[in-house]
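# Coordinate inspection notes
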Amino acid sequence: MEGFLNSISFSISVTLPNILMLFLGVYLRRIGMVNDQFCMQGSKLVFNITLPALLFLSIVQYPTDYSAQLQIITAGYVGCLILFLLAEIYASRFVADKRERGTFVQGVFRGNSGIIGLSLCANAYGTSGIAVASVYTALITILYNILAVITLSRSLSSTGKTSFIYILRQIAKNPLILSIAIALVISKFGFTIPKSLMSTGDYLSRMTLPLALLCTGASLDFKGMDPSSKIAFQSSIGRIVIAPIMLVVIARLFGLEGIGLGVIFLMTATPVAAASYPMVRSMGGNAKTAANIVGITTIGSIIGSAVGIVILKQLNWL
């Protein structure tokens, strides 16, 4: 019984800060203290400045053996690719509307690792968790972008062809990927960064998770959610239930446990990436379905991540 209670306590310590910040965002939106403009500008600030700063500093300030992370990254890539292929097969057979298939598939494989995942890892493992999760986030983000463009292009374009030039452009200008790449170079060659710049970066990085979670919570539109949306519900089940189970199984097959398995699980037990909605909308897809998936998975992942942590702690895998 004591072990079970300790597992519950650990689960609460990891997930409760995120839950409180999300619902604080909902409350602030309801009383009019924040609005759509705040959420839009805040999200831009996080994605383009503060989150890159956080990822950059986590690598520069807390060096780690990145070769040792190869196992974690490989497991994540293999799991994501299998998940993507299974979602594509399912969509081709059970999603009648071709234009909804890409939205469904993206909702299954594309997790919110850059905000929710990093926050969960920080709550669970502190700075060491962020250091490990940062490289994983950068590399999995590349794969997410490639697979998202592939599935949405096939689903929404009249020709069904994928623009690889577009994919390369998205990767080349992604601030998260750029910040990680620069940090790895600096860390590798031992360049010294002036203390004043490091302090400024630290100020920015500390804003990231609170601001991102507030904006995420304030952006949730519970009234706009349509529980009758079959595609959104099915995709959300894939994101909340199937994806974490599959990635944990694959991680175990790769021999991972402790912080390695924890990072894999926490990065996967997240709602669909917030970027999935504007991407579907900009490419001419059904934005309502994408928005429903974001809303359903955000709520569902709160429960799913907490339950998963308790189970994995009971199995002594975390």
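Above this text you will find the structure in question.
For clarity, every value in this text was computed on a predicted model and none was experimentally measured. (Residues numbered from 1 in each chain as written. Predicted model: local features only at pLDDT ≥ 70, side-chain atom pairs only at ≥ 80, totals over all residues. Heavy atoms only, no water.)

What follows is about the overall build of the protein chain. When you go through the protein chain residue by residue, the secondary structure sums to 12 helices and 0 strands. The helix and strand sequence of the protein chain, counted from the amino end, reads α-α-α-α-α-α-α-α-α-α-α-α. Dimensions of the protein chain, computed from the C-alpha atoms along their principal axes, are close to 55 × 50 × 45 Å. Evaluated residue by residue, the protein chain yields a buried proportion of 51% over its 318 residues. Long-range pairs, those at least 24 residues apart, make up 85% of the contacts in the protein chain with a sequence separation of at least 6. Separation of charge centres in the protein chain, based on 22 positive and 10 negative side chains, amounts to 8 Å. (Helix = DSSP H or I, 4+ residues; strand = E, 2+ residues; numbered from the N terminus. Buried < 20%, exposed > 50% of the residue type's maximum accessible area, 1.4 Å probe, protein only. Contact = heavy atoms within 4.5 Å. Lys, Arg positive; Asp, Glu negative; His and termini not counted. Charge placed at Lys NZ, Arg CZ, Asp CG, Glu CD.)

Moving on, we come to the environment of Ile180. If you trace the backbone, Ile180 turns up in helix α7 (residues 175-189). For Ile180 and Ser134, which are 46 residues apart along the polypeptide, the C-alpha to C-alpha distance reads 7.8 Å.

Right, let's get into the packing of aromatic side chains. Given two aromatic rings, their pairing is described by the distance between the two centres and the angle made by the two planes. One pass over the full model with this rule turns up 5 aromatic pairs. Here the aromatic rings of Phe109 and Tyr144 are separated by 6.0 Å at their centres, their planes lie at 50°, and the arrangement is tilted. A residue pair is termed long-range when its members are at least 10 positions apart, and Phe109 in helix α4 (residues 98-109) and Tyr144 in helix α5 (residues 113-156) qualify at 35 residues. For the pair Phe109 and Tyr144, one class covers both residues: buried. Above the plane of the ring of Trp317 lies Arg252, whose end atom (NZ or CZ) is 4.4 Å from the centre. (Phe/Tyr/Trp six-rings, centres within 6.5 Å; stacked < 30°, edge-to-face > 60°. Lys NZ or Arg CZ within 6 Å of the ring centre and 35° of its normal.)

Attention shifts here to the state of the cysteines. Inspection of the entire model under this criterion finds 0 disulfides. Free of any disulfide, Cys39 has its nearest cysteine sulfur in Cys215, 5.2 Å distant. Overall, the relative accessible area of 4% leaves Cys39 in the buried class. This cysteine, Cys121, is not joined by any disulfide, and Cys80 carries the nearest cysteine sulfur, 16 Å off. (Disulfide = S-S within 2.5 Å.)

What follows deals with the side chain of Ser276. Checked against the element boundaries, Ser276 lands in helix α11 (residues 276-282). When its relative accessible area of 4% is taken as the criterion, Ser276 is described as buried. Reaching out from Ser276, the side chain makes a polar contact with the backbone oxygen of Ala273 at a distance of 2.7 Å. Contact partners of Ser276, with chain neighbours within four places excluded, come to Gln106, Arg110 and Val294. (Polar contact = N/O pair within 3.5 Å; in protein donor to acceptor, adjacent residues only side chain to side chain.)

The subject of this paragraph is the environment of Ser119. For Ser119, the location among the structural elements is in helix α5. Judged by relative accessible area, Ser119 falls into the buried class, the value being 4%. Ignoring sequence-local partners within four residues, the contact set of Ser119 consists of Asn18, Leu209 and Leu213.

Our focus in this paragraph is α7. Taking 1.5 Å of rise per residue, the 15 residues of α7 would be expected to cover 21 Å, and the 21 Å separating its terminal C-alpha atoms lies within 8% of that figure. All of the buried residues along α7 are Pro175, Leu176, Ile177, Ser179, Ile180, Ala183 and Ile186. Of the residues one or two after α7, Gly190 is the one with positive phi, at around 70°. (Expected span 1.5 Å × (residues − 1).)

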